[in-house]
Amino acid sequence: MTVNMTKGQKISLSKADGGSLTAVRMGLGWKAAPRRGLFGSRTREIDLDASAVLFADKQPVDVVFFRHLTSDDGSVRHTGDNLVGGVGQGGDDESIIVDLSRVPVHVDQIVFTVNSFTGQTFAEVENAFCRLVDETNGQELARYTLTGGGAYTAQIMAKVQRGATGWSMTAIGTPANGRTFQDLIPAILPAL
């Protein structure tokens, strides 16, 4: 069963049987919004990019994005860059897979971001979402839908964090501006 998350909502990533998730996939999907023009409506390609920033005690220690597809320890892997979106037709256009059992013990949070590399704002995007999937069986666990568009070029989407009882996910949903994850670090820090 999928939990449709709202901004700030936190869910446990423990399985219903009391076990823990071992691997999750953060999927990102989007479609360019049609624009009305003199000759009807048309869409413009939009390159959104998913990134995962790994933190240890509120300090970034590694990142996975389209130019660094695997974390240094191999626990987090980006499946590749999609330059236009909408390819998944409701599915994931970009994915980041996290092997929770292999994440180094000093890493306590992984923050997932999305940014418009080509600089278009989210007012030009529709049907944008991020979702968390149990990678072992394909079951969607949680979904956070980007709503409202807006005059910003990035979003701090969600984070998974390690606690005393295991991993949990929090929907963040904070708008930001930037074309790469480096531009977003100041906007990420308050969410840690």
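Residue numbering note: each chain is counted from 1, following its sequence as written. At least 70 in pLDDT is required for a residue's local features to be given in this predicted model, at least 80 for side-chain atom pairs to be given and counted, and no such filter applies to totals for whole chains, interfaces and linings, which use all residues. The basis for the side-chain values is all heavy atoms of the structure; hydrogens and waters are excluded.

Caption draft 1: Structural view of unusual backbone geometry. Unusually for a residue other than glycine, Asp 57 sits at a positive phi of about 50°. Counting from the N terminus, the helices are the DSSP runs of H or I reaching at least four residues and the strands are the DSSP runs of E reaching at least two. Within the secondary structure layout, Asp 57 lies in the loop between β6 (48-56) and β7 (59-64). Each residue's exposure class comes from its accessible area (1.4 Å probe, protein chains only) as a fraction of the maximum for that residue type: buried when under 20%, exposed when over 50%, partly exposed otherwise. Here Asp 57 falls in the exposed class, since its relative accessible area comes to 63%. Of note in this structure, Lys 58 is not a glycine but carries a positive phi near 65°. Along the chain, Lys 58 falls in the loop between β6 and β7. Under the relative-accessibility criterion, Lys 58 is labelled partly exposed at 48%.

Caption draft 2: Up close: the sheet that holds strand β10 (residues 109-116). Taken in spatial order, the 6 strands make up an open sheet running β2-β14-β13-β10-β6-β7, and their pairing is antiparallel. Each edge of the open sheet carries a strand with a single partner, namely β2 (10-12) and β7. Between one strand axis and the next, the sheet turns through 25° on average, direction left out of account. Taken strand by strand, helix α1 (residues 181-188) contacts β6, β7, β10, β13 (154-163) and β14 (166-176), and its axis lies near 125° from that of β10. What makes two strands pair is DSSP finding at least two bridges between them. For helices, the fitted axis covers only the stretch in contact; all axes are lines through C-alpha atoms, and the angles between them, taken along N-to-C directions, range from 0 to 180 degrees. A contact between two residues is defined here by any heavy atoms of the two lying within 4.5 Å.

Caption draft 3: How the structure looks around α1. Within α1, the full set of buried residues consists of Phe 181, Leu 184, Ile 185 and Ile 188. Angularly, the buried residues of α1 cover 135° about the axis, an arc narrow enough to put them on a single face. Note that the arc is computed from the directions linking the helix axis to the C-beta atoms.

Caption draft 4: Representation of the environment of Arg 102 in the model. Summarising the element assignment, Arg 102 is placed in the loop between β9 (94-99) and β10. Residues Arg 102 and Gly 74, spaced 28 residues apart in sequence, show a C-alpha to C-alpha distance of 7.8 Å. Here Arg 102 is in contact with Asp 73, Gly 74 and Ser 75, once residues within four sequence places are set aside. Side-chain polar atoms of Arg 102 contact the backbone oxygen of Asp 73, separated by 3.2 Å. By the criterion applied in these results, polar contacts are pairs of N or O atoms within 3.5 Å in which, for protein atoms, one can donate a hydrogen and the other can accept it, and in which residues neighboring in sequence qualify only through two side-chain atoms.

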